[in-house]
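# Descriptive analysis of the structure
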Amino acid sequence: MAKPDSPLILDAVYLAEAREAGHWPPEGPAEVAIAGRSNVGKSTLLNRLAGRRALARVSKTPGRTRGIIFYDLALRLPGVSERVALRLVDLPGYGYAQVSRDERKAWQRLVEGYVKARSSLRLFLILLDARRTPGEEELQLVHWLRSERVPHHLVVTKTDKLRAAEHGAARGKARGAFGPDAPAVSLVSGETGEGVDALWATLVAAAGLRDGGPNP
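This write-up is about the structure you can find in this document. Being a predicted model, the structure only gives us computed values, none of them experimental.

### Some details on the layout of surface pockets
Its boundaries defined by the atoms lining it, the second largest pocket holds a volume of some 560 Å³. Every residue lining the second largest pocket is counted, 18 residues in all, and those nearest its centre are Tyr94, Arg104, Gln108, Glu137 and Gln140. Counting residues per element, the ones that place at least two in the lining of the second largest pocket are α2 (101-117) and α3 (136-147). If you tally residues by element for the lining of the second largest pocket, the top one is α2, at seven residues. Its residues assigned to classes, the lining of the second largest pocket shows nine nonpolar, four polar and five charged.

Given below as structure tokens:
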């Protein structure tokens, strides 16, 4: 059952995977892209957002996602009778992925091509492990998104691994790494659902779903 502050997920389906720039599905619903290191809990969080156990495959093998994967969600927002649509976009992992440098560069070109091409992209989520300090990849990604004027948001994952008293420090560490213009930060656990209601509020606002988003 959906929590009162979260949308009710009516449907969540795999749409397409693009392994080459330009091979995206036609634009439709507002899109939220999700990126992070390959062991950051991205698939677990995506499944939690979608209200499904195995929409995105959770693997013990880092770097399993080779392309950009699109998922379509049909939602009903609290207090709203009409269905609305949102598209979640799963980007290839980086950092610890056991792949060649050439393949990583190909992934980077693929992601950059997607971001520059999609007028329907409303928010770019950058996932950070609560137990790690943001690295050079994350710093470069935020710098690039700023330069492209792409709205972005930091999501600290795996907060179930922290004691309650450590949550404030985790938020401060995430913001501090990016300087005075750091993006906003959400703390979540894909395993327990902690913080997912608040993150959903961010997604709904960024996608303009309460302003009459497209109906599925």
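Okay, back to it.
### A look at the pattern of salt bridges
Tallied over the entire structure, the rule returns 11 salt bridges. Residue Arg87 is joined to Glu31 by a salt bridge in which the shortest nitrogen-to-oxygen separation is 3.4 Å. Of the two residues, Arg87 is situated in strand β4 (residues 83-90) and Glu31 in strand β2 (residues 31-36); the sequence distance between them amounts to 56 residues. For Glu31, a relative accessible area of 0% gives the class buried. Arg37 serves as the salt-bridge partner of Glu137, at 2.7 Å between the closest nitrogen and oxygen. Of this pair, Glu137 sits in helix α3 while Arg37 sits in the loop between β2 and α1 (42-50), and the two are 100 residues apart along the sequence. Glu137 sits in the partly exposed class, given a relative accessible area of 31%. For Arg37, a relative accessible area of 7% gives the class buried. Counted as one network, the salt bridges with shared partners bring together Glu31, Asp72, Arg87 and Arg118.

### Quick word on α3
Look at α3: 16 Å from first C-alpha to last across 12 residues, which is about the 16 Å you get at 1.5 Å a residue. Looking at α3, one finds that the buried residues are Glu138, Leu141, Val142, Trp144 and Leu145. Projected onto a plane normal to the axis of α3, the buried residues spread over an arc of 165 degrees and lie on a single side. Against α2, β5 (121-129) and β6 (152-157) lie the buried residues of α3.

Calculation rules
Along every chain, residues carry numbers that run from 1 in the direction the sequence is written. For this predicted model, a pLDDT threshold of at least 70 governs which residues receive local features, and a threshold of 80 or more governs which side-chain atom pairs are given and counted, while totals over whole chains, interfaces and linings are taken from all residues. The basis for every side-chain value is the complete set of non-hydrogen atoms in the structure, without hydrogens or water. The way it works is a 1 Å grid over only the protein atoms, where trapped points that fit a 1.4 Å probe form a cavity and open points with protein on both sides within 12 Å along at least five of seven lines form a pocket, and then any residue with an atom within 4 Å of a point lines it. Grid points are joined across faces, edges and corners, and a volume is the space filled by probe spheres set on the points. Here a strand is any run of E in DSSP of at least two residues, a helix any run of H or I of at least four, and the numbering for each starts at the N terminus. Lys, Arg, Asp and Glu make up the charged group, whereas Ala, Val, Leu, Ile, Met, Phe, Trp, Tyr, Cys and Pro make up the nonpolar group; the residues left over, Gly among them, are polar. Take a side-chain nitrogen of Lys or Arg and a carboxyl oxygen of Asp or Glu: if they are within 4 Å of each other, that pair is a salt bridge. A 1.4 Å probe rolled over the protein chains alone gives each residue an accessible area, and that area as a share of the maximum for its type sets the label: buried under 20%, exposed over 50%, partly exposed in between. The length a helix should cover is 1.5 Å for every residue beyond the first. Think of it as the arc spanned by the lines of direction from the helix axis to the C-beta atoms. For this analysis, residues touch if any pair of their heavy atoms sits within 4.5 Å.

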